[in-house]
Amino acid sequence: MFRRQKAQDEGEKEQLLDEGETESLSDFRPLVVLEFSSKTTPVTREWMKAKIEASKKHGGAELNAKMVVAKDGEERVLLVSAPQERLLHGAEQMGLKKKYKDGSVRAFTFAERQNIEDYTESLEGMLTMSQSQYIIKVELDNIRALETENHIPGCSNPKARLYKGKSLLSRMVSCHLLDKMYPVHNPEQLKRLQHDWYHLHEPKQLMGRQPIETIRGYFGESVAMYFSFLGHYTKALVVPTVIGVLYYLFNESGRNDFVIFAVFNMIWATVFLETWKRTSSEHAYNWGTLGRQVFEEPRAGFHGKLGVNRITGRSEPVYPSWKRLLRIYGVSFPIVILCMLVAVVVMMIYFWAENIAKAKHKEENTMLTKGLVLVPSIIYSVVIILMNQAYRTLAQYLTKNENHREQSSYENYLIVKLVLFDFVNCFLCLFYIAFVMQDMNYLRQSLAILLIVQQLVGQLQETLLPYLLMTKRIKKGEKSGLDHVSKPLHEIPRSKQAEVESLMDRYEGTFDDYLELFWQFGYVFLFSAVYPMAAFWALANNIMEIRTDAFKMCRIFQRPFMEPAANIGAWQTVFEVMGFIAVMTNTALIGMSPEIQPLLEGYTTVQKVLIFVAAEHLIIFIKVVLAFAIPDMPEWVETQMGRIEYQSTQALKKQVSLTEGQDPPGFGTSGGAVVVDGDDEEEDEA
């Protein structure tokens, strides 16, 4: 249906064109780059190129491809593009949602393209560059082996076998035939984004104001959702920071002065998380991801005996669920428990070293020994970070070994492992000090040191590591003869852009960033009753975090593929659970404080426990009431979603009535019908 564009000038074909430039027969606008490994043969590369260009009925993707010479002189870099009309048909098949002129956001159909808000006769600009690149990625992932194809041509690796329905791209990756696949940057758009994002030319940018819509248009929903959450969280920290600083400066008479602040923080955590749900639902509706359900294809690492998927009817690996559960509870779970026990042992070593330092200071009482007392806490803070990083590698291996079919399932099980270990590793020592040693001054000191040191080390990694990576990339490029590698992308000749981007590091996603916010959230809210300044240090860190993360996205890493996201996923539950744990810890700390105890004279221990259990339940009840009182969606979003559902129902009635030869009574011009014709369905199945 779509034929490959013929280039009239080879020099023009090698240029990287801006998004706004019009495609013609002489233009080639690369959107995605595939880099084959040096072990691939010309036969394999030409076969893959032919599959990408072939029609769908012949197992191809109907995309445009051009092979170019790599740094080593071999033609093993494949540039992939597509005409705008082909991309729009791909958007329809994927169920991509767009904003229509009537203000609604619903599934795009090519037949209704003139009703799209940003419609142009040339069809340019109807899709963002990140959406176009995502469509190409999906099409490449969906290139399947035909019944006659049982092995990758030109490859002697016995693991390179194929079967009908097997994704060729995943097989190329598993056989180490494909080194990289990444979307190219748009230098001019990137330059404008850098100016609006992390160049502090406006004071209000300092408090987390970010060009979220521009970020979403360039990097996709998943990245934009993270930065929106980070900005929302940063702004939410302003109130507890102001109150905490005032308490800390003017109310140092006793911990009872922090009781009101602690209760406020417990309630404020719920307000912050509930208002974030509203913000994320607004984003999801405007971005067309709210309520969108996508059938997940098997992960690249998923393996099993060849079978038939009961939903799609396609051949794919099948893995028994009992084997997966056996690996989860028989292998992963015991190892996670063992790692948490190791964290406990390390914690006890820390307390042992701390006691030695304190004894030394008590014996000599010098400035040197006074500073020595802080050394174990500082070392322990760094050890916690190193253990978290080492454990993450182990957790990824264990989760990969569990052989999850869907990427979402893989990520959820990985989150559970990381949260369990990080909670023990980061917070167990504080729980021990609070409820075993019951030393509130020591708890305040330890909390301050852990939070400040870990954030300093984190910021050092966020700033120094990107600098080192950039320096390494520049040196590597200069050795390869790339004189422009040290310049920003908008100053690099377009013909050299792919080579420069190839040297950039791959972006691994927002996982580490959410994990960092998780333990910071715990330090701020778990022990509010003893250290009100925690919010201040978190706020200062996050203001820097936004800038350093933005710099890395724009200057250090390759551009990631867009990932549709309607919210922050399982992390929302993680933060909410942490909020409920904070109620328990702060209530217990308030009850244990010497200032509160005299108020309970005459009560037995059991009665005291019951009083604070009742207080804890009262605060939890208030949090639950607030959670229900603050709707997850703004009213206008609910109205729009209901309207779309109504229009879809009416459209279905109209379709049924047309097949019967009559119109449904009372059916108006609602618009918004999402109709998939039979030809498209057969094409998808093929």
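Since the structure is predicted, the reported quantities are computational estimates derived from the model, not experimental observations.

So, how was this worked out
- Residues numbered from 1 in each chain as written.
- Predicted model: local features only at pLDDT ≥ 70, side-chain atom pairs only at ≥ 80, totals over all residues.
- Heavy atoms only, no water.
- Helix = DSSP H or I, 4+ residues; strand = E, 2+ residues; numbered from the N terminus.
- Contact = heavy atoms within 4.5 Å.
- Areas by Shrake-Rupley, 256 points an atom, 1.4 Å probe, with all protein chains shown as cover.
- Axes fitted to C-alpha atoms, helices over the stretch in contact; angles between N-to-C directions.
- Left-handed = near helix turned anticlockwise from the far one by under 90°.
- Nonpolar A, V, L, I, M, F, W, Y, C, P; charged D, E, K, R; others polar.
- pLDDT = per-residue confidence, 0-100.
- Salt bridge = Lys/Arg side-chain N within 4 Å of Asp/Glu carboxyl O.
- Buried < 20%, exposed > 50% of the residue type's maximum accessible area, 1.4 Å probe, protein only.
- Disulfide = S-S within 2.5 Å.
- Pairing = 2+ DSSP bridges.

**Digging into the overall build of the protein**
Counting secondary structure elements, the protein contains 22 helices and eight strands. By sequence separation, contacts in the protein at least 24 residues apart represent 71% of the contacts at least 6 residues apart. For the protein, the accessible surface area stands at approximately 32,700 Å², while carbon and sulfur atoms represent 59% of it.

**Let's talk about the packing of helix H14 (residues 407–437) against helix H17 (residues 511–525)**
Two numbers describe how H14 lies on H17: the axes approach to 10 Å, and their chain directions differ by 35°. As for how H14 packs across H17, the hand of that crossing is right-handed. Here H14 contributes Glu411, Leu414, Ile415, Leu418, Val419, Asp422, Phe423, Cys426, Phe427 and Leu430 to the contact with H17, which in turn contributes Phe511, Leu515, Phe518, Trp519, Gly522 and Tyr523. Grouping the constituent residues of the contact of H14 with H17 by class yields 13 nonpolar, one polar and two charged.

**Side note on the confidence of the model for the protein**
When pLDDT is averaged along the protein, the result is 82, and 87% of the positions lie at 70 or above. Looking across the protein, the model is least confident in helix H22 (residues 678–685), with a mean pLDDT of 31, and most confident in helix H8 (residues 221–236), with 94. The low-confidence segment residues 1–26, where pLDDT is below 50, has 62 contacts with residues more than four positions distant or belonging to other chains.

**Digging into the pattern of salt bridges**
For the structure on display, the rule yields 17 salt bridges. For glutamate 274, the salt bridge identified is with lysine 277, shortest N-O distance 3.4 Å. Placement of both glutamate 274 and lysine 277 in helix H10 (residues 259–287) is noted, with a separation of three residues, approximately one turn of the helix. The burial state of glutamate 274 is the same as that of lysine 277; both residues are buried. Note that arginine 392 is salt-bridged to aspartate 512, the shortest N-O span being 2.1 Å. On the criterion of sequence distance, the pair formed by arginine 392 in helix H13 (residues 375–401) and aspartate 512 in helix H17 is long-range, its members being 120 residues apart. Among the residues examined, arginine 392 registers a relative accessible area of 14% and is labelled buried. Where salt bridges share partners, they join Lys56, Arg86 and Glu139 into one cluster.

**Some remarks on the state of the cysteines**
Counted by the stated rule, this structure contains zero disulfides. Free cysteine cysteine 426: the closest other cysteine sulfur is in cysteine 429, separated by 8.5 Å.

**Remarks on the sheet that holds strand S1 (residues 32–36)**
Taking strand neighbours across the sheet as the criterion, the four strands line up as S2-S3-S1-S6 in an open arrangement whose pairing is antiparallel. Of all the strands in the sheet, the pair left with one neighbour each is strand S2 (64–69) and strand S6 (178–183). Sheet twist, expressed as the mean angle between neighbouring strand axes with direction ignored, is 20°. Pairing of S1 with S6, which is carried by five bridges, proceeds in the antiparallel orientation. From the neighbouring strand, valine 33 faces S6, where its bridge partner is tyrosine 182. Contacts from helix H2 (residues 42–53) reach S1, S2 and strand S3 (75–81), with the element oriented near 155° to S2. Against the sheet, helix H4 (residues 129–141) engages S1, S3 and S6, with an angle of about 40° to S1.

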